[in-house]
Amino acid sequence: MIMLSILAMAALVFFSRYVFLEPRLPLRLAPQIQSMLSYSGPAVLTAILAPIVFAPEGELWLAANNPYLLCAILACYLIYKTGNVLLTTVLSMVVFLVLNNMVLQ
């Protein structure tokens, strides 16, 4: 039963992506809907990251010794200034590891 559920979910995800990404299919979305869908990525990313950054221990932690918050601010600054996703990701991860394992412990 679990394998059937996994296969059904995989098929649903594949076909929902295929319908919108295959250029030979005649399905096109209205420009207003395309504009609205452009906000779905940042909205989902915010919903995933906000609890991790602001409440990593289960309650709100807005302090100067919160490595999650410090590295999130660093990542926002780096991506704004450089636009380089790889540099932002690697540098933020390195700073997080240093803060979390060496400095703030």
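Residues numbered from 1 in each chain as written. Predicted model: local features only at pLDDT ≥ 70, side-chain atom pairs only at ≥ 80, totals over all residues. Heavy atoms only, no water.

Asks: Outline helix α5 (residues 85-103), supporting the account with residue identities and numerical values.
Replies: An α-helical turn contains 3.6 residues, so any two residues separated by three or four positions project in the same direction. A rise of 1.5 Å per residue sets the reference length of α5, with its 19 residues, at 27 Å; its end C-alpha atoms lie 25 Å apart and thus fit the reference within 8%. The complete set of buried residues in α5 reads Thr88, Ser92, Phe96 and Leu99. The buried side chains of α5 occupy one side of the element, clustering within an arc of 70° when seen end-on. Along α5, exposed side chains directed more than 90 degrees from the buried face belong to Leu86, Met93 and Met102. For α5, the secondary structure elements touched by its buried residues are α4 (67-82). Between the side-chain oxygen of the N-cap and the backbone nitrogen of leucine 86 there are 3.1 Å, and the N-cap of α5 in question is asparagine 84. (Helix = DSSP H or I, 4+ residues; strand = E, 2+ residues; numbered from the N terminus. Expected span 1.5 Å × (residues − 1). Buried < 20%, exposed > 50% of the residue type's maximum accessible area, 1.4 Å probe, protein only. Arc of directions from axis to C-beta. Contact = heavy atoms within 4.5 Å. Polar contact = N/O pair within 3.5 Å; in protein donor to acceptor, adjacent residues only side chain to side chain.)

Asks: Before we move on, can you summarise α4 with the specific residues and values?
Replies: In this model α4 runs 22 Å from its N-terminal to its C-terminal C-alpha over 16 residues, within 8% of the 22 Å that 1.5 Å per residue would give. Among the residues of α4, those classed as buried are Pro67, Leu69, Cys71 and Leu78. Buried positions along α4 lie against α3 (40-54) and α5. The distance from a side-chain oxygen at the start of α4 to the backbone nitrogen of tyrosine 68 is 3.0 Å, and the residue carrying that oxygen is asparagine 66. Glycine 83 sits one or two residues past α4 and shows a positive phi near 75°.

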